[in-house]
Amino acid sequence: MNEITLTEEQRDCLQELINVAMGQASDKLARYLQTFVHLQVPYIELIDSEVLPERFAETYAQEGVSLVSQGFYGEKGILGESLLIYKSHDAHGIAEILGYEPDDVSEVEQLTDISSILTTTFLNGLAEQIDNQLAYSAPRVVSSMETPLEHHLQQLSFNWDLALKVDISYQVVDFSFNCDMVLLIPGEAIKNIQKVLDQILDEF
Amino acid sequence: MDVAAVQSLLIERINSGVLVVDEECRLVYFNRFMESHSLLSASEVIGKNLFDIFPDAPKRWLQRKIQSVFMLNTPAFSSWEQRQFVFKMRHARPVTTSSEYMAQNITFIPICDKGTTEPDKVGIIVDDVTDVFFYQEKLKDTLTELEHVSRTDGLTKVSNRRYWEERFRVEFSTAQRHDHALSLIMFDLDKFKLINDQYGHQAGDLVLVEAANLVENLLRKGDLLGRYGGEEFGIILPNTNAQGAAELAERIRRQFSLLKMQYEKHTISATMSVGICECDSRFTRFEDMVTRADLALYQSKREGRNQVTIYQA
């Protein structure tokens, strides 16, 4: 399984597609949320399922974090999961960003709502770049402040060895809100996305 | 029948609600599932505003949700776990479930006209998840019940030792950290074996239950009574010094000694010996208090039973 590697061309191509999708997403989000959403340059890597929990634990060790997951699947065997990670102090301004009445919406619903918006807006843009159509599962809170992330990650078992991982940070400066998005495209789906990338590279 | 006809028949008859609204939130489509559960007919709702048809719907939130689908051209979701229902409707299990309204998972889908990339309608799919809701509630009740059982002594219904010690550990570290007072009362029924031998074990059980009830009724909020084992009980008293504990202990001891317990044709009286220990900053574990309260309790026994002793270092 571990013979999958991303060539430099493939990585550059993916990076470029993601940059375009991020630009589009940022634009759309600014219109809908009426505030500027800054997306930070993505970090792309292939990651072993064995080191993933460790990596998460390292990155979010000290803080209570909430994790929201949303699955996506499209044509040509493209599928994966988007994880949105919020540090505790970020969870408050969301209702305001979304333009909800205070008290209208529970904290968990604020999290799932904003997660779904960030995930689907970005991924729809990416799908458009690769001439694909994505569908999504409903967002679900995987772990919240009360159940620590490490605790949850220890219980995970993966049915894949390797995943393509894309990290993107979101910042809403006006509301000093930020969160991290981690896209995971596991196992066979990596090969499928490589085919798509190769096709795009060939057309150049 | 051609495929399009089959599709529209399926959408009309599918066991989920399907609605379509335009940019002004006017209803364009309302399938049969929606008709039968909302008790409204498609002919009377088509062309009307969604919020006029469902005045109980959370307007501001739902408007923003639908707006996001139009503006971002992405789907949106609502889950019963966060919001039990959006459209107040009956469900299809009025007999076997307890909830009054249909629990709903909802998907909002952008609909673009052929050849365009900007949606001009939003499709709303309403899944009835009342069953899931119902089982989840049952599970929650069961877990609550289980939690209660796991921390309760079966006979006397006061906290069992495991839970009592768990709480004691917390109270002990809180008291030490904030330098708050904390006292422990340990009491043991006097000559309990004689009661068992004389009247039988059921009589002994009755005495334990009566003692636990009497004590429970004399406690203040925040005090915790637990069965430590056999005929020995402990009471955790947060924010209480030795003197406060002694006053309470004396009241308990006296009232219990006056209690007449009826078992079959026998009237039984019993007494208890009590030991008290106040928390000291030199203690490192809650067990340090248990040991010392026990020493005081034994002193009460040695000096003739039916009395209260405060541990003196």
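Residues numbered from 1 in each chain as written. Chains lettered and ligands numbered in written order. Predicted model: local features only at pLDDT ≥ 70, side-chain atom pairs only at ≥ 80, totals over all residues. Heavy atoms only, no water.

Draft legend 1. Broad picture of the packing of aromatic side chains. Residues and elements named next belong to chain B. All chains considered together, the criterion is met by 10 aromatic pairs over all chains. Their ring planes at 85° and their centres at 5.8 Å tell us that W80 and F133 sit as a pair that is edge-to-face. Here W80, found in the loop between strand 3 (76-78) and strand 4 (104-112), pairs with F133, found in helix 6 (residues 130-150); they are 53 residues apart in sequence, far enough to count as distant. The same class applies to W80 and to F133, which are both buried. It is R83 that lies over the ring of W61; its NZ or CZ is 3.9 Å from the centre. Positioned above the aromatic ring of Y228, the side-chain terminus of R161 is 3.9 Å from the ring centre. (Phe/Tyr/Trp six-rings, centres within 6.5 Å; stacked < 30°, edge-to-face > 60°. Helix = DSSP H or I, 4+ residues; strand = E, 2+ residues; numbered from the N terminus. Buried < 20%, exposed > 50% of the residue type's maximum accessible area, 1.4 Å probe, protein only. Lys NZ or Arg CZ within 6 Å of the ring centre and 35° of its normal.)

Draft legend 2. Quick look at the domain arrangement of chain B. Examined at the domain level, chain B breaks down into domain 1 (3-139) and domain 2 (151-310). Computed from C-alpha atoms alone, the centre-to-centre distance between domain 1 of chain B and domain 2 of chain B is 59 Å. (Domains from an automatic or database assignment.)

Draft legend 3. Examining the UniProt feature "domain: GGDEF" (unreviewed entry) in chain B more closely. UniProt's entry tags residues 180-313 of chain B with the feature "domain: GGDEF" (unreviewed entry), counted in the numbering of this structure. Helix makes up 45% of residues 180-313 of chain B and strand 28%, whereas the separation of the span's terminal C-alpha atoms amounts to 19 Å. (UniProt positions renumbered as here; feature names shortened; annotations may be inferred.)

Draft legend 4. Expanded view of helix 9 (residues 201-218) of chain B. The end-to-end C-alpha distance of helix 9 of chain B is 26 Å, a good match for the 26 Å that 18 residues give at a rise of 1.5 Å each. Within the sequence span of helix 9 of chain B, burial applies to B:A203, B:G204, B:V207, B:L208, B:A211, B:A212, B:L214, B:V215 and B:L218. (Expected span 1.5 Å × (residues − 1).)

Draft legend 5. Region of the structure containing the side chain of A:Q10. Within the secondary structure, A:Q10 sits in helix 1 (residues 8-33). At 3.0 Å, the side chain of A:Q10 and the side chain of A:D198 are in polar contact. (Polar contact = N/O pair within 3.5 Å; in protein donor to acceptor, adjacent residues only side chain to side chain.)

Draft legend 6. Geometry of the environment of A:I190. Residues and elements named next belong to chain A. Within the secondary structure, I190 is located in helix 6 (residues 188-203). Measuring from C-alpha to C-alpha, the distance between I190 and I78 comes to 7.9 Å, with 112 residues separating the pair along the chain. With sequence-adjacent residues up to four places away left out, I190 is seen in contact with I4, L46, L162, A163, L164 and I185. (Contact = heavy atoms within 4.5 Å.)

Draft legend 7. Quick peek at the layout of surface pockets. Of the volumes computed, that of the largest pocket is approximately 680 Å³. What lines the largest pocket is a set of 27 residues, among which A:N124, A:E128, A:Q133, B:N73 and B:C112 lie closest to the centre. Among the elements of the structure, helix 1, helix 4 (107-129) and strand 5 (134-136) of chain A together with helix 5 (59-72) and strand 4 of chain B are those that each provide at least two residues to the lining of the largest pocket. With 5 residues, strand 4 of chain B is the single largest residue contributor to the lining of the largest pocket. Looking at the lining of the largest pocket, its residues break down into 13 nonpolar, 9 polar and 5 charged. (1 Å grid on protein atoms, 1.4 Å probe; cavity = no way out; pocket = protein on both sides within 12 Å on 5 of 7 lines; lining within 4 Å. Points joined across faces, edges and corners; volume = space filled by probe spheres on them. Nonpolar A, V, L, I, M, F, W, Y, C, P; charged D, E, K, R; others polar.)

Draft legend 8. Representation of the UniProt feature "domain: PAS" (unreviewed entry) in chain B within the structure. UniProt records the feature "domain: PAS" (unreviewed entry) at residues 10-73 of chain B, using the numbering of this structure. When the span residues 10-73 of chain B is considered, its composition is 52% helix and 16% strand, and the gap between its end C-alpha atoms is 25 Å.

Draft legend 9. Layout of empty space enclosed by the protein. As enumerated under the stated definition, the model contains 5 cavities of 30 Å³ or more in all. Empty space within the largest cavity amounts to approximately 80 Å³. What lines the largest cavity is a set of 14 residues, and nearest its centre among them are A:D113, A:S116, A:I117, B:K65 and B:A76. Counting residues per element, the ones that place at least two in the lining of the largest cavity are helix 4 of chain A together with helix 5 and strand 3 of chain B. Broken down by element, the residue count for the lining of the largest cavity peaks at 5 residues, all from helix 4 of chain A. Of the residues assigned to the lining of the largest cavity, the class counts are 7 nonpolar, 5 polar and 2 charged.

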